[in-house]
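# Analysis of the macromolecular model
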Amino acid sequence: MTVIETYAPGTFCWADLGTPDAAAAKRFYTGLFGWSFEDRPTGPGATYTMFTVEGKSIAALYQQDAQPLGTPPHWLSYISVESAVEIARRTSELGGSVLMEAFDVLDVGRMAVIQDPSGAVVALWEPKRHIGAGVVGEPNTICWNELATTDVATAGQFFSNLLGWSRETQRMGATPYTMFARGDTAVGGMIQIGPDWGPVPPHWLVYFSVDDCDGSADRARGLGATVKVPPSDIPGIGRFAVLADPQGAVFAVIRLPEV
């Protein structure tokens, strides 16, 4: 297991789940991925559940009661930054929206929530005691973040200007796919929402690495999930599936080639 001790600014570092049924979600994800968990009080009647693998935090969830009315269950991706205040300020200048101004999360870090001009929401994380996930890229941990958007040109330019990401578009079969990179390191992807997707809003999709994509999709279905995209091969990349947990939060699993 490769333990992460720091994240470069402009790289994804964390994800958490807002759900209306935290107890049920804990049962689902521990059953699917074999995660352990620790409930941490964060205030009167509030709990933040840290999921762990071999003692290392890899993701989290919280009860969605305090969310704005109508916000669906969702996974939220976090990008590590040097200054949440500064990146939030630049978000507005570049045509995005600041949904939550930068604020301190106890003594573990500072966060803000922003929305790109196409409508996808992502969080900024200025680390203090908590850098983010202690392990990534291993089986049953986060391995990728992907922006699905109705306007790849506008969203791509926004993130390049905001975070200094370079962009390279290639073909994944018949579908154009944009890779975001920070220097020589790939940090995320971007894909156009097609007309065949239905009423899907722009969003960031979290991918979890698994040893067996088909087996994980079957296990998720048995635990009450819905299979949105059945196990499918991406030539040269791996085999993936898109799932919705029993409360409706969407995520992906992928079996990557062995290095």
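You'll find the structure just up there.
Summarised in this report is the structure supplied together with it. (Residues numbered from 1 in each chain as written. Predicted model: local features only at pLDDT ≥ 70, side-chain atom pairs only at ≥ 80, totals over all residues. Heavy atoms only, no water.)

Glancing now at the overall build of the protein. On a plain count of helices and strands, the protein comes out with four helices and 16 strands. For 259 residues, the compact-globule estimate of 2.2 N^0.38 gives 18 Å, and the protein sits close to it at 17 Å. Each principal axis of the C-alpha distribution contributes one length, and for the protein these read about 50 × 45 × 40 Å. Put simply, 58% of the contacts in the protein that link residues at least 6 apart link residues at least 24 apart. Total accessible area computed for the protein in this model is approximately 12,200 Å², and 52% of it derives from carbon and sulfur atoms. With 17 positive and 28 negative side-chain charges, the protein shows a spacing of 1 Å between the two charge centroids. (Helix = DSSP H or I, 4+ residues; strand = E, 2+ residues; numbered from the N terminus. Rg over C-alpha atoms; globule rule 2.2 N^0.38 Å. Contact = heavy atoms within 4.5 Å. Areas by Shrake-Rupley, 256 points an atom, 1.4 Å probe, with all protein chains shown as cover. Lys, Arg positive; Asp, Glu negative; His and termini not counted. Charge placed at Lys NZ, Arg CZ, Asp CG, Glu CD.)

A few words now on the side chain of Ser77. Examined against the element boundaries, Ser77 turns out to sit in strand β5 (residues 74-80). Engagement of the side chain of Ser77 in a polar contact is seen with the side chain of Asn145, the distance being 2.7 Å. Residue contacts for Ser77: discarding those within four places in its chain leaves Phe12, Trp14, Ala15, Val122, Ala123, Asn145, Trp204 and Val206. (Polar contact = N/O pair within 3.5 Å; in protein donor to acceptor, adjacent residues only side chain to side chain.)

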